Amino acid sequence: MIQVIDSHTCGEPTRVIIKGGPDLGNGPLGERARLLEREYADFCRSVLREPRGYDAMVGVLLVAPVNKDCLTGAIFFNTTQNLGMCGHATLGLLVTLYHQGQISAGKYDIETPVGIVSAELHDANTASVINVESYRYQSDVVVEVDKFGAITGDIAWGGNWFFLVYHSPIAVKFKNISQLLSFASAIKSALEEHNIKAFDGAPIDHIELYDKPQNSKAHSKNFVLCSSGDYDRSPCGTGCSAKLACLAEDGSWPENKEWVQESIIGST
């Protein structure tokens, strides 16, 4: 019997596994995450796919942390693979634990496979997170994409690897989701075909397209292709981290000034 609790953050779903997950032992969290992906892929797919879920859903497996100062360990995954970190799922996790009566409003450290993140539950429906340190790996990388020609983007880390395209040839609007999916998928395929990778040969499994925002309070609007092959309904926490890392490298956004990101469905 598997017990789960679902939540939504800006339209993006999280499914926290409360009970019934596989025993991954007590090793380093990164090793346990790799074990989950290697040995329990069927379990992950069965938890998230139809008829009980769909490709956009992110799962969180709660495990004992190595660092005893942390509230919990958390391994994030989708229908195809693990995620290093997931911003929206971390926020959903805190709200879920509050719903269970396990925590109250306050600050908590959560151990993830890519490091410890700090999160704060403000109230029953509001949380914030300080992500792992993010950085740009390469700028102005050009890749030839079938039917679209040369596409330029940055490779950056925000807890997951992203290829960020600042000027999408397809308008980043809800009505264009099918075209944006095809375009982003073509970029991902081209990166693989041309063997363009991130640090230490890591695959780039997220594609992020930017355009002008429709919300007057936002600074840009994005479309994010997730590693599952579906698109992110939220503004994408790790993607925002990667974006801000690039802005910082360029010196084009002042330190400590808030950046408001709009998602493809209009959430911010």
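Our structure is the block above this text.
The rules we used
Residues numbered from 1 in each chain as written. Predicted model: local features only at pLDDT ≥ 70, side-chain atom pairs only at ≥ 80, totals over all residues. Heavy atoms only, no water. Core = buried A, V, L, I, M, F, W, Y, C linked by side-chain atoms within 4.5 Å. Buried < 20%, exposed > 50% of the residue type's maximum accessible area, 1.4 Å probe, protein only. Helix = DSSP H or I, 4+ residues; strand = E, 2+ residues; numbered from the N terminus. Pairing = 2+ DSSP bridges. Contact = heavy atoms within 4.5 Å. Axes fitted to C-alpha atoms, helices over the stretch in contact; angles between N-to-C directions. Salt bridge = Lys/Arg side-chain N within 4 Å of Asp/Glu carboxyl O. Parallel < 35°, antiparallel > 145°, perpendicular 65-115°, else oblique. Phe/Tyr/Trp six-rings, centres within 6.5 Å; stacked < 30°, edge-to-face > 60°. Lys NZ or Arg CZ within 6 Å of the ring centre and 35° of its normal. Right-handed = clockwise from strand over helix to strand, strands pointing away. Patch = residues over 30% accessible without salt bridge, like charges linked within 9 Å, V, L, I, M, F, W, Y side chains within 5 Å. Areas by Shrake-Rupley, 256 points an atom, 1.4 Å probe, with all protein chains shown as cover. Arc of directions from axis to C-beta.

What about the nonpolar core?
The nonpolar side chains of a soluble globular protein tend to be buried with one another.
In step 1: Formed by 49 residues in total, the largest nonpolar core has its most connected members in Phe163, Ile187 and Leu209.
In step 2: Examining the composition of this core, we find that seven residues originate from one element, helix α4 (residues 177-193), more than from any other.

So, the sheet that holds strand β10 (residues 149-157)
In step 1: Strands sit in the order β9-β10-β11-β12-β13-β14 across an open sheet of six strands; the sheet is mixed. Looking at which strands have only one partner, the edges of the open sheet turn out to be β9 (135-145) and β14 (261-262).
In step 2: Alignment of strand β11 (residues 161-165) against strand β12 (residues 206-211), held across four bridges, turns out to be parallel. Its bridge partner being in β12, Val165 is matched across the sheet by Leu209.
In step 3: Strands in contact with helix α5 (residues 237-250) are β9, β10, β11, β12 and β14; relative to β11, the strand with the most contacts, it is inclined by about 60 degrees.

Overview of the pattern of salt bridges
In step 1: The full count for this structure, using the stated rule, is seven salt bridges.
In step 2: The salt bridge involving Arg136 is made with Asp154; its shortest N-O contact spans 2.9 Å. Of this pair, Arg136 sits in strand β9 while Asp154 sits in strand β10, and the two are 18 residues apart along the sequence. In this structure, Arg136 and Asp154 share a single accessibility class: buried.

Section: the environment of Ile17
In step 1: Within the fold, Ile17 resides in strand β2 (residues 12-19).
In step 2: Separated by 45 residues in the primary sequence, Ile17 and Leu62 place their C-alpha atoms 6.6 Å from one another.
In step 3: Residue contacts for Ile17: discarding those within four places in its chain leaves Ile2, Gln3, Val4, Phe43, Val47, Val60, Leu61, Leu62 and Phe77.

Notes on the packing of helix α1 (residues 29-39) against helix α2 (residues 41-48)
In step 1: Taken N-terminus to C-terminus, the directions of α1 and α2 make an angle of 80 degrees; their axes are 5 Å apart at the nearest point. With respect to α2, the element α1 is oriented roughly perpendicular. Contacts between α1 and α2 involve Leu36, Glu37 and Glu39 from the former and Ala41, Phe43 and Cys44 from the latter.

Regarding the packing of aromatic side chains
In step 1: Counted under the stated rule, the structure contains eight aromatic pairs.
In step 2: Ring geometry for Tyr135 and Trp161: centres 5.8 Å apart, planes at 90 degrees, overall edge-to-face. Here the residue Tyr135 occupies a position in strand β9, and Trp161 occupies one in strand β11, the gap between them amounting to 26 residues.
In step 3: Residue classification places Trp161 among the buried positions, given a relative accessible area of 8%.
In step 4: A centroid spacing of 5.9 Å and a plane angle of 65 degrees characterise the contact between Tyr137 and Trp161, whose relative ring orientation is edge-to-face. Here the residue Tyr137 occupies a position in strand β9, and Trp161 occupies one in strand β11, the gap between them amounting to 24 residues.
In step 5: In textbook terms, an aromatic cluster arises when at least three aromatic residues are bridged by ring pairs, as seen for Tyr135, Tyr137, Trp157, Trp161 and Phe199.
In step 6: We note Lys243 situated over the ring of Tyr210; from NZ or CZ to the ring centre the distance is 4.0 Å.

Topic: the pairing of β12
In step 1: Counting buried positions along β12 yields five of six residues, so the element is predominantly enclosed.
In step 2: Chirality of the crossover, the property in question, places the unit of β11, α4 and β12 among those that are right-handed.
In step 3: Where β12 and strand β13 (residues 220-225) come together, five bridges link them in antiparallel fashion. Following the sheet pairing, Glu208 is matched in β13 by Val224.

Some remarks on a nonpolar patch on the surface
In step 1: A cluster of nonpolar side chains, namely Tyr135, Tyr137 and Phe199, defines an oily patch on the protein surface of about 280 Å² accessible area.
In step 2: When its relative accessible area of 31% is taken as the criterion, Tyr137 is described as partly exposed.

Side note on α2
Every α-helix carries 3.6 residues per turn, so stepping three or four residues along brings you back to the same face.
In step 1: When we look at burial in α2, the residues that qualify are Phe43, Cys44, Val47 and Leu48. The buried residues of α2 occupy an angular sector of 115 degrees when projected down its axis, which confines them to one face.
In step 2: Looking at the buried side of α2, the elements it contacts are β2, α1, β3 (58-63) and β4 (72-77).

Some words on the pairing of β2
In step 1: In terms of burial, β2 is a largely internal element, six of the eight residues being buried.
In step 2: Sheet topology places strand β1 (residues 3-9) next to β2; seven bridges connect them, and they run antiparallel. Bridge pairing in β2 links Thr9 to Glu12.
In step 3: The hairpin turn running from β1 into β2, its antiparallel successor, is two residues long, and Cys10 in that turn takes a positive phi close to 55 degrees.
In step 4: Inspection of the sheet shows β2 paired to β3 by four bridges, in the parallel sense. Across the sheet, residue Thr14 finds its bridge partner in β3, namely Val58.

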